[in-house]
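Tertiary structure, described
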Amino acid sequence: MKKVRSYILENRILKDNDNVIVGLSGGADSVCLLHILKALQKDMNLSIHAIHINHMIRTTAKRDEDFSVSMCKALDIPVSVYSIKCKEIAEKNGVSIEEAGRNERYRLFNEAGKELFGDNYVIAIAHHKGDVAETMLFNLARGTGINGLASIKAVNTNIVRPLLCLTKEEIDKYLLDNKLEHVEDETNQCDDYSRNKIRHKIIPEMNSLVSNATDHIAQTAILLGEIEDYLSIETDKALELYLENTSRGLLIKNDILECHIAIRKRVIHKALILVASKARDISSVQIEAVMDLFSLQTGKKRNLIYGINALREYDGVCLSKSLEEEVNLNELKKISFNKTEYYSQLIPNELYTKWLDYDKIECPIARFKEQGDYIVINDRGDKQSLSDYMKNEKIPSAIRNQIPLVADGHHILWLVGYRISADVKISDTTKNILVVNYSE
């Protein structure tokens, strides 16, 4: 208890008067976390709300749900329960059950946090040193940069992990000493999932070879996290110096060659993300292709992922998005529309799924930018041209014509990846919803 409190204060994980959403599975780790936060609640004046998510995978899932609710009642902590069809979501999105469950958990944690506390909340997760070591080894095996090796951080935006100072053994001892019950997820004991294999086979073997291997790996991850934070600061400085929006695209200036290669690669990586409007699958192969162009003569080019063209120019390398009709058509095909009735559900806080007021829309279509497009920017109905909005948001000129839009005439309902029109937001008078989804 004292160890966790000191860790929280030293690392500024929580502060007085915080609103805390606690992920509660009912397992040993989350029970330990909730119990410790309850003990700190009075001194730090914390507002605590637990969230239990039933993934509907195991036959014992209802048992875990009932246990979590009962525990919160005994501790006088409010709790909300959500049920998700994890297998169906995984199949629909083409991801593993693990990834689908993780994505849904954080989505629901954030939705609940906004509903309960507005924008003033943190999400407390019960990761410990063992999780740090497992994640670092898993990321190392599949290939990653420093950020992946840094593994799990104590504070990451609004996500906090107060138990990262504890080992699994210390958590189990805390439960035993305080006579706290918990439920056991039997899937944790099988090796059907990648992380379980690392947990049951690789970590024990490493601990048998080197005493306290888990602690050493976790400490290395923390040090790498500090290095990553520093490099991020330096990269942001370099972005201002070496990237320039031009009429031809996003220019990476020749002066970037004066930078250390580590910063050079990070700037190129960020430039590719800006032009592609997505980070997924932008790998070292793409970065190296851009770097090679700096050693070639003017006019040489490379065709990269997501239709990005990299062209060697006199002043540097210019990145632009392909304007080929086929690329555009495929992007628009990713947008789908569905109508449903509205009955005060939680509005999803998702980047690629939006709810719009159906009855305020005449003929929604998916298309790209046109002359005369505008977006309503506030509840007063003030309009702003789409071109001005894109400039204000510092969207690179090279990609402005490549961002998918949902439009009703020249009224832009949704600039995919950015904002929706204030004129079609869900309100108390909404009866029907237009659900718009972009499948990334």
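Remember, predicted model here, so these are calculated numbers, not experimental data.

**Section: the sheet that holds strand E4 (residues 122–124)**
Strand pairing in a sheet takes place through backbone hydrogen bonds and is either antiparallel or parallel in direction. With mixed pairing, the 6 strands of this open sheet are ordered in space as E3-E2-E1-E4-E6-E5. Since the sheet does not close on itself, it has two edges, and those belong to strand E3 (79–83) and strand E5 (155–156), each with one partner. Bridge count for strand E1 (residues 19–23) against strand E2 (residues 47–54) is 5 bridges, and the pairing is parallel. Counterpart to Asn 19 in the pairing with E2 is Ser 47. Against the sheet, helix H3 (residues 61–75) engages E2 and E3, with an angle of about 170 degrees to E2. Sheet strands in contact with helix H5 (residues 97–117) are E1, E2, E3, E4 and strand E6 (159–160), and its direction is about 145 degrees off that of E2.

**Details of the pairing of E2**
With 7 of 8 residues buried, E2 is to be regarded as a mostly interior element. Note on the crossover from E1 through helix H2 (residues 28–44) to E2: the handedness is right-handed. Looking at chain direction, E2 and E3 are connected through 5 bridges and run parallel. Following the sheet pairing, His 52 is matched in E3 by Val 81. Tracing the backbone out of E2, into H3 and back to the parallel element E3 gives a crossover that is right-handed.

**Remarks on empty space enclosed by the protein**
In the structure shown here, the tally under the stated rule is 1 cavity of 30 Å³ or more. Estimates place the volume of the largest cavity at around 40 Å³. Forming the boundary of the largest cavity are Lys 129, Val 132, Ile 152, Leu 164, Ala 218 and Ile 222. For the lining of the largest cavity, the secondary structure elements donating two or more residues are helix H6 (129–142) and helix H10 (213–242).

**Here we look at the environment of Glu 362**
Along the polypeptide, Glu 362 turns up in the loop between strand E13 (353–357) and strand E14 (365–367). Under the relative-accessibility criterion, Glu 362 is labelled exposed at 76%. Expressed as a C-alpha distance, the spacing of Glu 362 and Gly 409, which sit 47 residues apart in the sequence, is 8.7 Å.

**A short note on helix H12 (residues 284–293)**
Of all the positions in H12, only Gln 286, Ile 287, Ala 289, Val 290, Met 291 and Leu 293 are classed as buried. On the buried face of H12, the contacting elements are strand E8 (250–253), helix H11 (261–276), strand E9 (301–303), strand E10 (308–313) and strand E11 (316–321).

**A look at the side chain of Asp 18**
Checked against the element boundaries, Asp 18 lands in the loop between helix H1 (2–10) and E1. From its side chain, Asp 18 meets the backbone nitrogen of Lys 15 in a polar contact 2.9 Å long. Other than its neighbours up to four places away in sequence, Asp 18 contacts Asn 45, Leu 46 and Ser 47.

**Remarks on the nonpolar core**
Residues Leu 14, Val 20, Val 22, Leu 34, Leu 37 and Leu 163 are the most contacted members of the largest nonpolar core, which totals 51 residues. For this core, the element with the most residues is H2, which contributes 9 residues. Once residues within four sequence positions are removed from consideration, Leu 163 is found in contact with Val 4, Asp 29, Cys 32, Leu 33, Ile 36, Ala 126, His 127, His 128, Lys 129 and Ile 171. Counting 39 residues, the second largest nonpolar core, distinct from the first, contains Ile 256, Val 267, Ile 268 and Met 291.

**Some points on the layout of surface pockets**
Taken as a whole, the second largest pocket holds about 340 Å³ of empty space. Lining of the second largest pocket is provided by 14 residues; of these, Asn 11, Lys 153, Ala 154, Val 155 and Ile 222 occupy positions nearest its centre. With 5 residues, the top contributor of residues to the lining of the second largest pocket is H10.

**What to know about the sheet that holds E10**
What the 5 strands build is an open sheet, ordered E7-E8-E11-E10-E9; its pairing is antiparallel. Each having just a single partner strand, strand E7 (243–245) and E9 make up the two edges of the open sheet. Between one strand axis and the next, the sheet turns through 20 degrees on average, direction left out of account. In terms of strand pairing, E7 meets E8 through 3 bridges, oriented antiparallel. If you follow Asn 245 over to E8, its bridge partner there is Leu 250. In the packing of H10 onto the sheet, contacts are made with E7 and E8, and the angle to E7 comes to roughly 45 degrees. Lying over the sheet, H11 contacts E7, E8, E10 and E11, oriented at roughly 25 degrees with respect to E11.

**Brief notes about the confidence of the model for the chain**
Regions with low pLDDT should not have their predicted coordinates read in detail. When pLDDT is averaged along the chain, the result is 87; 94% of the residues meet or exceed 70. Low confidence marks residues 323–327, where pLDDT is under 50. Its contacts with residues over four positions away, or in another chain, come to 3 contacts.

Thresholds, definitions, all that
Counting from 1, residues in each chain are numbered in the order their sequence is written. Reporting in this predicted model follows two pLDDT cut-offs: at least 70 for local features of residues, and 80 or more for side-chain atom pairs to be given and counted; totals over whole chains, interfaces and linings ignore these cut-offs and use all residues. Just so you know, side-chain values use all the structure's heavy atoms and leave hydrogens and water out. When DSSP finds two or more bridges between two strands, those strands count as paired. Note on conventions: DSSP H or I runs of at least 4 residues are helices, E runs of at least 2 residues are strands, and numbering of each starts at the N terminus. Whether two residues are in contact is decided by their heavy atoms, any of which lying within 4.5 Å being enough. Note on definitions: angles span 0 to 180 degrees between N-to-C directions of axes, and those axes are lines fitted to C-alpha atoms, for helices only across the stretch in contact. Relative accessible area decides the class of each residue, using a 1.4 Å probe on protein chains only: under 20% of the type maximum gives buried, over 50% gives exposed, and in between gives partly exposed. For a crossover, the right-handed case is the one in which the path from the first strand over the helix to the second runs clockwise, viewed with the strands pointing away from the viewer. Buried and open spaces are told apart on a 1 Å grid over the protein atoms alone, a cavity being a set of points where a 1.4 Å probe fits but cannot get out and a pocket being an open set with protein on both sides within 12 Å along at least five of seven lines. Residues with an atom within 4 Å of a point are the lining residues. Grid points are joined across faces, edges and corners, and a volume is the space filled by probe spheres set on the points. Identification of polar contacts relies on pairs of N or O atoms within 3.5 Å, with a donor-acceptor requirement for protein atoms, meaning one able to donate a hydrogen and the other able to accept it, and with residues adjacent in sequence counted only if both atoms are side-chain atoms. Take the buried Ala, Val, Leu, Ile, Met, Phe, Trp, Tyr and Cys residues and link them wherever side-chain atoms come within 4.5 Å; each set so joined is a nonpolar core. Across the chain, each position has a pLDDT score giving the predictor's confidence in that residue, from 0 to 100.

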